[in-house]
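# What the coordinates show
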Amino acid sequence: MKAVWLIVILVCISCNTRALEAHVNITTGQWPPYLDQAQQDQGCVAKVIRDAFALSNIKVRFLFMPWERAYQEGMKASYIGSAYWYYSEQRSRDYHYTEYPLTEEIARFYHHKTLDFQFTSYADLKPHKLLLNRGLTYPKALLDAIDTHAIKTSYATYTSKNIALILRERADIMIMDEKSAKAYLKELPVDDAKLLVAQPEPAFVQHGYLLINKHHSEYLAPYNRGLKTLLSDMDYVARFKAHCERALES
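Anyway, here's the lowdown on the structure attached to this text. (Residues numbered from 1 in each chain as written. Predicted model: local features only at pLDDT ≥ 70, side-chain atom pairs only at ≥ 80, totals over all residues. Heavy atoms only, no water.)

## Side note on the state of the cysteines
For clarity, the cut-off: When two cysteine sulfur atoms are found within 2.5 Å, that pair is recorded as a disulfide. Runs of E in the DSSP output that reach at least two residues are strands. Runs of H or I that reach at least four are helices, and both are numbered from the N terminus.
Applying the stated criterion across every chain, the model contains one disulfide. Here C44 is linked by a disulfide to C244, with a sulfur-sulfur distance of 2.1 Å. The disulfide joining C44 to C244 has a torsion of about 105° about its S-S bond and is therefore right-handed. Of this pair, C44 sits in helix 2 (residues 44-54) while C244 sits in helix 10 (residues 234-249), placing them 200 residues apart in sequence.

Here it is in structure tokens:
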């Protein structure tokens with residue numbers, strides 16, 4: 001019996017001291033300028049995640065896919081996690097949330113300039129059709145308002161399609177982080193870009209985190225340690241912010 005317990009203890013110790021791989025895979029989705037498959041460095045947030053792991057001599061490969069798929073795939077043992085996500089209770093059960101946020105994002109309601117819409121509360125959405133994206137996170141207050149006021153919704157898989165769906169009147173209003181909206185708008189013809197307007201009152205503010213797969217808990221500590229080191233360097237933080245802004249101007 002003692003021998004059996006000794007084996008169990010040794011197995012547990014080996015689980016907690018599993019060697020870190022030199023190369024790891026992380027799932028993600030398109031969310032410029034933060035995560036952008038079209039950029040050489042794949043976006044300013046992708047670079048921060050790489051830099052944080054690099055302090056532990058770990059190289060990161062990002063696999064881009066639709067957001068809903070990225071979330072599900074990121075829980076598989078072939079990946080160490082998924083980047084990057086707002087907080088939700090369900091996600092905190094599926095993954096380990098890392099300690100420090102990568103971003104603070106201001107999301108706004110966007111719509112065709114001819115739409116008669118003034119946002120003061122979520123109840124103002126009732127007469128309109130709201131476009132949401134599969135796999136993305138929305139505040140409980142908004143989701144409750146959708147149910148309470150029977151707000152009509154439609155869903156898109158790719159955020160890159162949102163603006164086209166609004167301009168083609170397939171939906172009335174979309175929600176997007178203001179920097180991501182700016183990144184998508186700059187790809188449009190000038191006349192089309194002028195047709196989309198943003199509400200001045202934010203729809204909500206969220207923080208984005210890297211999620212670590214529960215099969216690979218050993219990567220949580222080195223990532224947290226690395227990101228803390230980077231965020232304590234004010235010059236690095238300034239370069240990160242400039243990097244994000246520069247991507248919107250190019």
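Right, picking up where we left off after that structure.
## Some points on empty space enclosed by the protein
Left-over empty space is what a probe sized like a water molecule reveals as it rolls over the atoms. For clarity, the threshold we go by: Buried and open spaces are told apart on a 1 Å grid over the protein atoms alone, a cavity being a set of points where a 1.4 Å probe fits but cannot get out and a pocket being an open set with protein on both sides within 12 Å along at least five of seven lines. Residues with an atom within 4 Å of a point are the lining residues. Grid points are joined across faces, edges and corners, and a volume is the space filled by probe spheres set on the points. Each residue gets one of three labels, nonpolar for Ala, Val, Leu, Ile, Met, Phe, Trp, Tyr, Cys and Pro, charged for Asp, Glu, Lys and Arg, and polar for the others, Gly among them.
Summed over the entire model, instances satisfying the criterion amount to one cavity of 30 Å³ or more. The computed volume of the largest cavity comes to approximately 180 Å³. Forming the boundary of the largest cavity are 14 residues, of which W31, Y86, E105, L136 and T137 lie nearest the centre. At the level of elements, strand 3 (81-85), strand 5 (103-112) and strand 8 (173-177) are the ones that each hand at least two residues to the lining of the largest cavity. Residues belonging to the lining of the largest cavity are distributed by class as follows: 11 nonpolar, one polar and two charged.

## As for the packing of aromatic side chains
Geometry of an aromatic ring pair is reported as the spacing of the ring centres plus the angle between the planes. Quick note on the threshold: Two rings from Phe, Tyr or Trp (for Trp, the six-membered ring) form a pair when their centres sit within 6.5 Å of each other. Planes less than 30 degrees apart are called stacked, planes more than 60 degrees apart edge-to-face, and all others tilted. Here's how the labels work: a residue is buried when its accessible area is under 20% of the maximum for its type, exposed when over 50%, partly exposed in between, all with a 1.4 Å probe on protein chains only.
Under the criterion given, the structure shown has 12 aromatic pairs. Ring geometry for Y34 against Y84: centres 6.0 Å apart, planes inclined by 75°, an arrangement best described as edge-to-face. Taken as a pair, Y34 in the loop between strand 1 (23-28) and helix 2 and Y84 in strand 3 lie far apart in primary sequence, 50 residues in all. When sorted by exposure, Y34 lands in the same class as Y84, which is buried. For the ring pair F109 and F119, a centre distance of 4.8 Å and an interplane angle of 75° mean the geometry is edge-to-face. In this pair, F109 sits in strand 5 while F119 sits in the loop between strand 5 and strand 6 (129-133), placing the two residues 10 residues apart along the sequence.

## Section: helix 10
We apply this condition: One less than the number of residues in a helix, times 1.5 Å, gives the span that helix is expected to have. Our arc is simply the arc of the directions from the helix axis toward the C-beta atoms. The term polar contact refers here to a pair of N or O atoms within 3.5 Å; inside protein, the definition further demands a hydrogen-donor-capable atom paired with an acceptor-capable atom, and it admits residues adjacent in sequence only when both atoms are side-chain atoms.
End to end, helix 10 covers 23 Å across 16 residues, agreeing with the expected 22 Å (1.5 Å per residue, within 8%). Three or more residues of helix 10 are buried, namely Y236, V237, F240, H243, C244, A247 and L248. The buried residues of helix 10 occupy one face: seen down the axis, they fall within an arc of 140°. Opposite the packed face of helix 10, turned more than 90 degrees from it, sit the exposed residues M234, D235 and E249. The backbone nitrogen of D235 lies 3.0 Å from a side-chain oxygen of the residue at the head of helix 10, namely D233.

## Observations regarding the nonpolar core
The condition that has to hold: Only buried Ala, Val, Leu, Ile, Met, Phe, Trp, Tyr and Cys residues count toward a nonpolar core, and they belong to the same one when joined by side-chain atoms within 4.5 Å. In what follows, residue pairs with any heavy atoms lying within 4.5 Å of each other are defined as contacts.
Counting 72 residues, the largest nonpolar core has I49, F53, F109, L130 and I175 as the members making the most contacts within it. Here the element with the most residues in this core is helix 2; it accounts for seven residues. The residues contacting L130, other than those within four sequence positions of it, are F109, L125, L142, I146, I151, K152, T153, S154, I173 and I175.

## Focus: the pairing of strand 5
On a regular strand, each side chain points to the face opposite its neighbour's, so the side chains alternate between the two faces of the sheet. What counts here: A pair of strands is treated as paired once DSSP finds two or more bridges between them.
By the criterion of burial, strand 5 is predominantly enclosed, with eight of the 10 residues buried. Pairing geometry for strand 5 and strand 10 (residues 204-213), over five bridges, is antiparallel. Residue pairing in the sheet places E104 in a bridge with H207 of strand 10. Where strand 5 and strand 8 come together, five bridges link them in antiparallel fashion. If you follow F109 over to strand 8, its bridge partner there is I175.

## Re the pairing of strand 3
Among the five residues that make up strand 3, five are buried, leaving the element largely enclosed by the rest of the structure. Where strand 1 and strand 3 come together, three bridges link them in parallel fashion. The partner of I26 across the bridge, within strand 3, is G81.

## Here we look at the side chain of H111
Tracing the backbone shows H111 in strand 5. The exposure class of H111 is buried, given its relative accessible area of 3%. At 2.9 Å, the side chain of H111 forms a polar contact with the side chain of Q199. Those residues in contact with H111, other than ones at most four positions away along the chain, are F117, I166, D172, I173, L195, L196, V197 and Q199.

## A word on the pattern of salt bridges
This is how the line gets drawn: Take a side-chain nitrogen of Lys or Arg and a carboxyl oxygen of Asp or Glu: if they are within 4 Å of each other, that pair is a salt bridge.
In the structure shown here, the tally under the stated rule is six salt bridges. Here K47 makes a salt bridge to D51, at a shortest N to O gap of 2.7 Å. You can see K47 and its partner D51 sitting in helix 2, four residues apart, about one turn around the helix. Across the salt bridge formed by K186 and E187, the nearest N and O atoms sit 3.1 Å from each other. The class for K186 is partly exposed, based on a relative accessible area of 34%.

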